[in-house]
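What follows is the residue order along each chain.
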2 protein chains.
Amino acid sequence: MKITALEEYGLRCLVQLARHHSEDRPVAISEIAKAEGLSIQYVGKIMHELRRAGLINSLRGIHGGFVLAKAPQEISIADIFETMGGETPEHVCSKFSGNQTQCVHLGGCSIRSVWSFVMGQVSSVLKRISLADLIASESSCSSKLNEQHTQFETNKLPVYPAATEGAAK
Amino acid sequence: MKITALEEYGLRCLVQLARHHSEDRPVAISEIAKAEGLSIQYVGKIMHELRRAGLINSLRGIHGGFVLAKAPQEISIADIFETMGGETPEHVCSKFSGNQTQCVHLGGCSIRSVWSFVMGQVSSVLKRISLADLIASESSCSSKLNEQHTQFETNKLPVYPAATEGAAK
DNA sequence: AATAATCTTGACATCAAAGTCAGGTTTACC
DNA sequence: GGTAAACCTGACTTTGATGTCAAGATTATT
């Protein structure tokens, strides 16, 4: 399973907007491109996608730029992934149909069940993490709470709600 | 997040081998290709990858073919995914470094923590599902236990151990 | 030993994702 | 109203994943 470029960069561009969300001014493509080490043209394309999906609003003209369409608490990573080309288990089946027009296993496929389950797990984790969470963990990580650092290293994210609940329910 | 062709087809080819694992004969590429609706050449390439990784053994010559290198209970989907191009969070960071040689966020990146966490979740789910589990759920689904069918539809996999434990522990 | 069925291997072709380019439109400021 | 800073859009190029081709090596059967 691979994370796509649009997912990764889309998220990173949105984090940039979220950081400046309290200030009352739009953020320009050139700023984001510089902060993320991306070309201006490419960031332009990414922001266009995010705008089409309604996650951000744009302001044209000089002093223009982009702002989040909702508060950082209300935008989850799952929202972003869906926007930037998210797939359902059905997509997987139609994508991997080999040299047939339909997958040969359409009647009773145990693999499809696994994909459904795994994707559901991923989605339930990503739904619980908002842009606000990401920014909060940045500051707590780099400044004050350094005893949490070891936990980060061992792949636990103490800041986010336990991913376990969603799976158990 | 996308499932790659090698992951999907690699798993499906291994399921074919697992089905014939009790019989004591190798399975030929041509059989697998027919069963999965893939070209013979492509299956050849996939099997070659799986053999290089040590998941299967090959027998050349007439009456040749492939057999699992281990029992179906001992091969997990996680094993297959790692073989067919699995990625670590570090891979993601080096892949998405934009126009720099290194990612601009290497010091204290909250997104990397998220990828670590999500990938850990996925991995813990996939480690718990073996080829034997997949075959068992096939037969129970298509023949006897049809009351489980509704549960499958709602993305629950009653046959597999709860994915929850790994996350909680 | 000849043959046919099989795996092995590396080069090649195709396609979709990733990323760039160029020309256009909008808006604030002077 | 001219100009510069910004977004908008579609066409283009590049790159890596996907899938095919063709020639070779191995082995059971006759």
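Residues numbered from 1 in each chain as written. Chains lettered and ligands numbered in written order. Predicted model: local features only at pLDDT ≥ 70, side-chain atom pairs only at ≥ 80, totals over all residues. Heavy atoms only, no water.

A.B. asks: Describe in detail the side chain of A:Ser76, supporting the description with residues and values.
C.D. replies: Considering the arrangement of structural elements, one finds A:Ser76 in the loop between strand 2 (65–68) and helix 4 (77–83). Leaving out residues up to four positions away in the same chain, A:Ser76 has contacts with A:Leu126, A:Lys127, A:Ile129 and A:Ser130. (Helix = DSSP H or I, 4+ residues; strand = E, 2+ residues; numbered from the N terminus. Contact = heavy atoms within 4.5 Å.)

A.B. asks: Hey, could you go over the side chain of A:Ser130 for me, with residue numbers and the actual values?
C.D. replies: Examined against the element boundaries, A:Ser130 turns out to sit in the loop between helix 6 (110–127) and helix 7 (131–142). Overall, A:Ser130 belongs to the buried group, its relative accessible area being 8%. (Buried < 20%, exposed > 50% of the residue type's maximum accessible area, 1.4 Å probe, protein only.)

A.B. asks: A description of the nonpolar core should follow, citing residues and the corresponding values.
C.D. replies: Grouped together as the largest cluster of nonpolar side chains are 84 residues, with contacts concentrated most on A:Leu131 and B:Leu131. If we ignore the near neighbours within four places in the chain, the residues touching B:Leu131 are B:Leu11, B:Leu14, B:Val15, B:Ala18, B:Leu68, B:Pro72, B:Ile75 and B:Ile80. (Core = buried A, V, L, I, M, F, W, Y, C linked by side-chain atoms within 4.5 Å.)

A.B. asks: Let's hear about the protein's contact with DNA strand D: which residues, and what values?
C.D. replies: Every one of the 24 residues lining DNA strand D counts as a neighbour, but A:Ser58, B:Ser39, B:Tyr42, B:Lys45 and B:Ile62 are closest to it. Restricting the count to atoms of DNA strand D within 4 Å of the protein gives a sugar and phosphate share of 75%. One of the side-chain nitrogen or oxygen atoms of B:Ser39 is found 2.5 Å away from a phosphate oxygen of DNA strand D. Secondary structure elements with two or more residues in the surface near DNA strand D: helix 3 (40–52), strand 1 (56–59) and strand 2 of chain A together with helix 1 (5–19) and helix 3 (40–52) of chain B. The greatest single-element share of the surface near DNA strand D, amounting to three residues, is contributed by helix 3 of chain B. (Near = heavy atom within 4 Å. Polar contact = N/O pair within 3.5 Å; in protein donor to acceptor, adjacent residues only side chain to side chain.)

A.B. asks: For the pattern of salt bridges, give the residues involved together with the corresponding values.
C.D. replies: Under the criterion given, the structure shown has twelve salt bridges over all chains. Ionic pairing is found between A:Arg25 and A:Glu31, a salt bridge with its closest N-O pair at 3.2 Å. You can call A:Arg25 partly exposed: its relative accessible area is 35%. Classification of A:Glu31 as partly exposed rests on a relative accessible area of 32%. A salt bridge links B:Arg12 to B:Glu8; the shortest N-O distance between them is 3.0 Å. Residue B:Arg12 and its partner B:Glu8 are located together in helix 1, separated by four residues, close to a single helical turn. Side by side, B:Arg12 and B:Glu8 carry an identical accessibility label, which is buried. (Salt bridge = Lys/Arg side-chain N within 4 Å of Asp/Glu carboxyl O.)

A.B. asks: Which residues make up the pairing of strand 1 (residues 56–59) of chain B, and what values go with them?
C.D. replies: Pairing of strand 1 of chain B with strand 2 (residues 65–68) of chain B involves four bridges; the strand directions are antiparallel. Looking at the pairing, B:Leu59 lines up with B:Gly65 of strand 2 of chain B. (Pairing = 2+ DSSP bridges.)

A.B. asks: So what about helix 3 of chain B? Which residues, and what values?
C.D. replies: Residue and element names in this part refer to chain B. The first and last C-alpha atoms of helix 3 sit 18 Å apart over 13 residues, in line with the 18 Å expected at 1.5 Å per residue. By the burial criterion, the buried members of helix 3 are Val-43, Ile-46, Met-47 and Leu-50. Along helix 3, the residues classed as buried sweep out an arc of 100° about the axis, all on the same side. Pointing more than 90 degrees away from the buried face of helix 3 are the exposed residues Gln-41, Lys-45 and Arg-52. Elements in contact with the buried residues of helix 3: helix 1, helix 2 (29–36), strand 1 and strand 2. (Expected span 1.5 Å × (residues − 1). Arc of directions from axis to C-beta.)

A.B. asks: Lay out the protein's contact with DNA strand C in plain terms, naming residues and giving numbers.
C.D. replies: Taken together, 24 residues are adjacent to DNA strand C, and A:Ser39, A:Tyr42, A:Lys45, A:Ile62 and B:Ser58 come closest. For DNA strand C, the fraction of protein-proximal atoms (within 4 Å) that sit in sugar or phosphate groups is 73%. Contact between DNA strand C and A:Tyr42: a phosphate oxygen at 2.6 Å from a side-chain N or O atom of the residue. Contact distances for DNA strand C include 3.5 Å between a base oxygen and a backbone N or O atom of A:Gly61. Breaking the surface near DNA strand C down by element, the ones donating at least two residues are helix 1 (5–19) and helix 3 of chain A together with helix 3, strand 1 and strand 2 of chain B. Looking at the surface near DNA strand C element by element, the count peaks at three residues for helix 3 of chain A. Of the residues in the surface near DNA strand C, the class split is ten nonpolar, ten polar and four charged. (Nonpolar A, V, L, I, M, F, W, Y, C, P; charged D, E, K, R; others polar.)

A.B. asks: Before we move on, can you summarise the packing of aromatic side chains with the specific residues and values?
C.D. replies: The description of two aromatic rings rests on the distance between their centres and on the angle between their planes. For the structure shown, the criterion picks out six aromatic pairs over all chains. On the numbers, 5.6 Å between centres and 55° between planes, the contact of A:Trp115 with B:Phe81 is tilted. With A:Trp115 in helix 6 and B:Phe81 in helix 4 (residues 77–83), this pair bridges two chains. Overall, the relative accessible area of 3% leaves A:Trp115 in the buried class. Taking the centre distance of 5.8 Å and the plane angle of 80° together, the rings of B:Tyr9 and B:Tyr42 count as edge-to-face. With B:Tyr9 in helix 1 and B:Tyr42 in helix 3, this residue pair connects regions lying 33 residues apart in the sequence. (Phe/Tyr/Trp six-rings, centres within 6.5 Å; stacked < 30°, edge-to-face > 60°.)

So far we have only geometry, and geometry alone does not tell us how the molecule works.
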